[in-house]
Amino acid sequence: MKMDNTLLEDLNAQLNREFYAAYLYFAMATYFAEINMEGFAKLTKNHAKEELNHARKIYDYLILRDEKVQLLRIEAPDTNWNNPIDAINAALDHEKFVTENIHRLYKNSKEKNDYPLEVFLHWFVNEQVEEEHLFQSMLDKMSYIKDCTCEIVNIDRELKADKEYIE
Ligand code: OFO
């Protein structure tokens, strides 16, 4: 089944948004490495790799559907973060933006009766719930203790030791 042109354009745009997300998280990892927050650097670098995996899923799916892959220009992320809370806030905002885009794609795939795409997008719909939760919960913890830098250092230490965020 050929994909509707609007859906195809939007899916290629989502491929680009996933590559941009990887770029954004690599930029965050660089920021955290520069201020010697190794745990946050590890978390965000790991997340950049996850985003590349999201891009790969969409890329493979387009090939599987015999549709045209468009590799669009990747914007440079804005990296003017004043402190760690600012950076994690930007991560959460970005994930909310991605969720909106995934939901629109999902809604349109239903409206165009593209059942395979609708089912393919289930994984992304669920993934966005996890992604928003990850950064929201981290931001909550950081916000409670924003006046105590030493606690942010503790969170950083925990992240550095966390086996979930392996290199
Ligand atoms: Fe962060 O989930 Fe993809 O973009």
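Residues numbered from 1 in each chain as written. Predicted model: local features only at pLDDT ≥ 70, side-chain atom pairs only at ≥ 80, totals over all residues. Heavy atoms only, no water.

### What about the overall build of the protein?
No. 1: The secondary structure content of the protein amounts to five helices and zero strands.
No. 2: Ordered by position in the sequence, the α and β elements of the protein form the string α-α-α-α-α.
No. 3: With respect to the three principal axes, the spread of C-alpha positions in the protein is 55 × 30 × 25 Å.
No. 4: Every one of the 167 residues in the protein was classed for burial, and the buried ones make up 44%.
No. 5: Residue pairs in contact within the protein that sit at least 24 positions apart in sequence constitute 82% of those at least 6 positions apart.
No. 6: As displayed, the protein offers around 9,500 Å² of accessible surface, 52% of which is attributable to carbon and sulfur atoms.
No. 7: Taking the average place of the 20 positive charges on the side chains of the protein and the average place of its 32 negative ones, the gap between the two points comes to 3 Å. (Helix = DSSP H or I, 4+ residues; strand = E, 2+ residues; numbered from the N terminus. Buried < 20%, exposed > 50% of the residue type's maximum accessible area, 1.4 Å probe, protein only. Contact = heavy atoms within 4.5 Å. Areas by Shrake-Rupley, 256 points an atom, 1.4 Å probe, with all protein chains shown as cover. Lys, Arg positive; Asp, Glu negative; His and termini not counted. Charge placed at Lys NZ, Arg CZ, Asp CG, Glu CD.)

### Examining the confidence of the model for the protein
No. 1: Confidence in the prediction of the protein, expressed as mean pLDDT, is 94, and 95% of residues score 70 or more.
No. 2: Between the elements of the protein, mean pLDDT differs from a low of 82, seen in helix α5 (residues 149-161), to a high of 98, seen in helix α1 (residues 5-34). (pLDDT = per-residue confidence, 0-100.)

### Here's the deal with helix α4 (residues 115-144)
No. 1: For α4, built from 30 residues, the straight-helix expectation of 44 Å at 1.5 Å per residue is met to within 8% by its first-to-last C-alpha distance of 44 Å.
No. 2: The axis of α4 is deflected most strongly, by about 30°, at Leu121.
No. 3: With a side-chain oxygen positioned 3.1 Å from the backbone nitrogen of Leu117, the residue opening α4 is Asp114. (Expected span 1.5 Å × (residues − 1). Bend = angle between axes of the 7 residues up to and from the residue. Polar contact = N/O pair within 3.5 Å; in protein donor to acceptor, adjacent residues only side chain to side chain.)

### Overview of the packing of aromatic side chains
No. 1: Under the defined criterion, the tally for this structure stands at seven aromatic pairs.
No. 2: Aromatic side chains Tyr31 and Trp81 sit 5.7 Å apart centroid to centroid with 65° between the ring planes, which places their arrangement in the edge-to-face category. With a gap of 50 residues between them, Tyr31 in helix α1 and Trp81 in the loop between α2 (38-64) and α3 (84-111) connect regions that are remote in the sequence. Comparing Tyr31 with Trp81 shows no difference in burial state: the two are buried.
No. 3: Aromatic pair Tyr61 and Phe120: ring centres 4.0 Å apart, planes at 10°, arrangement stacked. Of this pair, Tyr61 sits in helix α2 while Phe120 is found in helix α4, placing the two residues 59 residues apart along the sequence. The two residues Tyr61 and Phe120 agree in class, both being buried.
No. 4: One aromatic cluster is present, formed by Tyr31, Phe32, Phe40 and Trp81 through successive ring pairs. (Phe/Tyr/Trp six-rings, centres within 6.5 Å; stacked < 30°, edge-to-face > 60°.)

### Brief notes about the nonpolar core
No. 1: Formed by 26 residues in total, the largest nonpolar core has its most connected members in Phe32, Phe40, Ile88 and Phe135.
No. 2: Taken together, the elements giving at least two residues each to this core come down to α1, α2, α3, α4 and α5.
No. 3: Per element, the largest residue contribution to this core is seven residues, and it comes from α1.
No. 4: Sequence-distant contacts of Phe135, defined by excluding residues within four places in its chain, comprise Tyr25, Leu43, His47, Ile88, Ala91, Leu92 and Glu95.
No. 5: Core analysis: the next-biggest nonpolar cluster, separate from the first, contains 17 residues, Tyr61, Val98, Ile102 and Phe120 among them. (Core = buried A, V, L, I, M, F, W, Y, C linked by side-chain atoms within 4.5 Å.)

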